[in-house]
Amino acid sequence: MSQSQHPYHQTLEIEGMTCASCVGRVEKALKKVDGVAEVAVNLATEKAVIQSDVIVPREALVHAVERAGYEVRTQPEQVFELNIQGMTCASCVGRVEKALKKVEGVSDATVNLATEKALVHAHLADASALLAAVHKAGYEAQLQPQQVLQPTNELSERREQEASQLKRDLLISACLSLPVFILEMGGHLIPAFHHWVMQHIGMQNSWWLQFVLTTLVLIFPGRRFYQKGIPALLRFAPDMNSLVAVGTLAAYGFSCVATFIPTWLPENNVNVYFESAAVIVTLILLGRYLEAKAKGRTSQAIQHLLGLQPKTAHIIVNGQVQEVEIAQVQLGMQLLIQPGEKIPVDATVIEGQSFVDESMITGEPIPVAKNVGMTVVAGTINQQGSLTIQATAVGANTVLSQIIRMVEQAQGSKLPIQALVDRVTMWFVPVVMSLALLTFVVWFFFGPEPALSLSLVNAVAVLIIACPCAMGLATPTSIMVSTGRGAELGILFKQGQALQQLQETQIIAVDKTGTVTEGKPTLTDFVALDPDQTQHILQVVASVEAKSEHPIAVAIVQHAQQQGLALLAVEQFQALTGYGVEATVNQQQIHLGAARLMQQLGLDVEVFSEQVQQLAEQGKTPIYAAIDHKLVAILVVSDPIKPTSYTAIQNLHQLGLKVAMITGDHHVTAQAIAKQLGIDEVIAEVLPEGKVNAVQALQQKYGKLAFVGDGINDAPALAAADIGIAVGTGTDVAIESADVVLMSGNLQGVSNAIALSQATIRNIRQNLFWAFVYNAALIPVAAGVLYPTYGILLSPMFAAFAMGMSSVFVLGNALRLKRFRGVFA
């Protein structure tokens, strides 16, 4: 029997097998496990593939291998992404999560109603076991393949199809329900119409006609509620479909008895409620349709990002330009980019010059000049001039693809604020059904006549109005819209949790170089103790610094080259992290670095104290040079402050935040920069490994802290902070360690990220307040608490309309975040 004929298979990595007899023993042991159909053990790969027709617990397989005398390697944690179909409310989310977490080997499972996805973290679980668990819970699941992103969106297409089906069913239901509503309610509203019906149709004929039309409504447009709701009820796991199914069937069943077997009912209770059953289905379908349309709009940001990547590219082969599908472009290929074309891959410019619109990636509206040697990013638009580029990243490895993955990951995550909602909704539907039953009993035994009719109507109203859809959509829809909007503004939230944590931040700590400053220092001053040796010292120093990639080193080398000085041969170069560098040039030992390096060498730097004090007050950094353990000169490097830094700091102050700067610079230099920018606190002369201690000290003093950095040496601090914010023009290591990424180098993005975070959490709280207060207020009204005092009862039809509109309200409120412009431009 081939593997494809067995629906389940698992793979074990076996340790300790040395020969064919070992293979036989392992196979024999595994075949003895109940449920195993076939086993194939491979000595070369040290793997066993187990096929079965049922789910076989992994621990049983592992135990069998261990009893045979071998070991099973522990597998690294995997992350499975499942597309879930059939979820309609928050209680569905809870049930799917609960089912997935019960699967052996699963460490965590997060289900999102808005994205209709589940992220499952597992050490030992098999994908087939996860799919089976979801199916057993009453839903359908598919494993999301890890593939190269293409400009399509399966979720969006599915929602479009869902909206189309709902629109069709809504129109059918409305056409069938309208005559039922007119026949039954028209007489109550217009007495003359009642007389007309009695005279020309007759009450019994009217009821029969209503029965036929309502039956058609329930069987065709309304069947979705019964196909899902009844099985869920039989599994003792009712969801919103169960509420609708029970409510409408109660009204329909009662009406059928009144129509065909009226003698079973007390005389004054012989009434029909066909119009309630039919109109409830119609109104709930209306709510579902509006909800589906709104849901589609929540994922428009992802659609927009996916649409940035062109479908074709122009590659250069043997001097000829060929148009190919984007998937055919490979690393190293040369491409021609004409004016107005989208750049299809990440690449380096090898010929030509132009301006490129990068606003879709960075959020910055001003086009960026591109020359030979500069990088370009997939999805950006070449504005003028032709460019020849060489591909450096294609497919899923481009910056655009990584952005899309980050946004999807953030949209699928759960905020801490969602924990309360999850706890409530797991019990919500069973509690509502109990309340509906209690309502029926109280009205039946203590209500006025016709008691049975009133009991039924009020119980149905409670069932219908209490759907927890709005609760389930309150958080994920806001996250979807805000993270998508953030991506359009060049703000990437790698995890949804960062949205909640960022708005709780009390202090922002920023790295200086490359974050507050341009990160491109220039040599402004050079003072030698022996002026006659100035050129020689500069030549030697530049030769040593040419071995370093530090921005300060680059500035010194560029200055020497501008002076026409040739670089000398360098030996025994060594970087002294946090101190400087040392090397040998022409048999002379050279040391370059901070004052602490000179002090470590036992050299007195006071000789330059006057110059250092004056220069440091201007925000310039002194570097000391020593030849053969003798102090010979200082070089002064200035890193220009970014034009946007001052405004960015002021914006953070407007948000009520403190700002601290952490830098390795001399404290006088750091204080000078802080004074220019209005920074509240400075921690200077910090070694790279000391940044974590500085972050922890600020956390103890102020509370929750966000750290902003861009360099490799910022990665530990980014990880140690409550929220790490990486400037996207920085290094991959910094970006990988961060929770939030600013695609532009503009520090003002921090203010906008925090403002977006605050707006999102405010939006979520509004949604949750509406969802909870709506149910808390209207369930008692539906139960009839206002009747004794005011004579007010809630019609099941109004309850259906109100329930549908609650979800639409939540979605509409979340969509307001699409208009977020950033409070600080």
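Worth saying up front: this structure is predicted, and the values here are computed from it rather than measured. (Residues numbered from 1 in each chain as written. Predicted model: local features only at pLDDT ≥ 70, side-chain atom pairs only at ≥ 80, totals over all residues. Heavy atoms only, no water.)

Q: Could you give an account of the environment of Asp739, with specific residues and numbers?
A: Here Asp739 shows up in the loop between α27 (732–737) and β30 (740–742). The class for Asp739 is partly exposed, based on a relative accessible area of 22%. Separated by 15 residues in sequence, Asp739 and Gly724 place their C-alpha atoms 5.1 Å apart. Each residue touching Asp739, except ones within four places of it in the same chain, is listed here: Leu492, Phe493, Lys494, Gln495, Ala498, Asp722, Ile723 and Gly724. (Helix = DSSP H or I, 4+ residues; strand = E, 2+ residues; numbered from the N terminus. Buried < 20%, exposed > 50% of the residue type's maximum accessible area, 1.4 Å probe, protein only. Contact = heavy atoms within 4.5 Å.)

Q: Break down the UniProt feature "transmembrane region" (unreviewed entry) in the protein for me, citing the residues and quoting the values.
A: Mapped onto the present numbering, the UniProt feature "transmembrane region" (unreviewed entry) falls on residues 170–193, 205–222, 243–265, 271–290, 424–446, 452–475, 768–787 and 793–815. Between the C-alpha atoms that bound residues 243–265 there is a distance of 25 Å. The span itself is 78% helix and 0% strand. Helix makes up 85% of residues 271–290 and strand 0%, whereas the separation of the span's terminal C-alpha atoms amounts to 33 Å. (UniProt positions renumbered as here; feature names shortened; annotations may be inferred.)

Q: How would you summarise helix α2 (residues 58–67) if you had to cite specific residues and measurements?
A: The periodicity of an α-helix, 3.6 residues per turn, causes residues three or four places apart in sequence to face the same way. Of all the positions in α2, only Arg58, Leu61, Val62, Ala64 and Val65 are classed as buried. Buried residues of α2, viewed axially, fall in a sector of 160 degrees; they line one side. Every exposed residue of α2 that faces more than 90 degrees away from the buried side is listed here: Glu59 and Arg67. One or two positions beyond α2, positive phi appears at Gly69, with a value near 100 degrees. (Arc of directions from axis to C-beta.)

Q: Describe a positive patch on the surface, listing the residues and the values that go with them.
A: Where like charges cluster on the molecular surface, the positive patch consists of Arg762, Arg816, Arg819 and Arg821. Relative to the elements of secondary structure, Arg816 occurs in the segment after α30 (796–815). Given a relative accessible area of 38%, Arg816 falls into the partly exposed group. (Patch = residues over 30% accessible without salt bridge, like charges linked within 9 Å, V, L, I, M, F, W, Y side chains within 5 Å. Areas by Shrake-Rupley, 256 points an atom, 1.4 Å probe, with all protein chains shown as cover. Salt bridge = Lys/Arg side-chain N within 4 Å of Asp/Glu carboxyl O. Lys, Arg positive; Asp, Glu negative; His and termini not counted. Charge placed at Lys NZ, Arg CZ, Asp CG, Glu CD.)

Q: Talk me through the sheet that holds strand β16 (residues 381–384); I want residue IDs and the actual numbers.
A: Pairing in this open sheet of three strands is antiparallel, and the strands run β14-β13-β16 from one edge to the other. One side of each edge strand has no neighbouring strand; the edge strands of this open sheet are β14 (368–370) and β16. Ignoring strand direction, the axes of neighbouring strands in this sheet form an average angle of 40 degrees. Looking at chain direction, strand β13 (residues 354–357) and β14 are connected through three bridges and run antiparallel. Residue pairing across strands places Val356 opposite Val368, the latter belonging to β14. (Pairing = 2+ DSSP bridges. Axes fitted to C-alpha atoms, helices over the stretch in contact; angles between N-to-C directions.)

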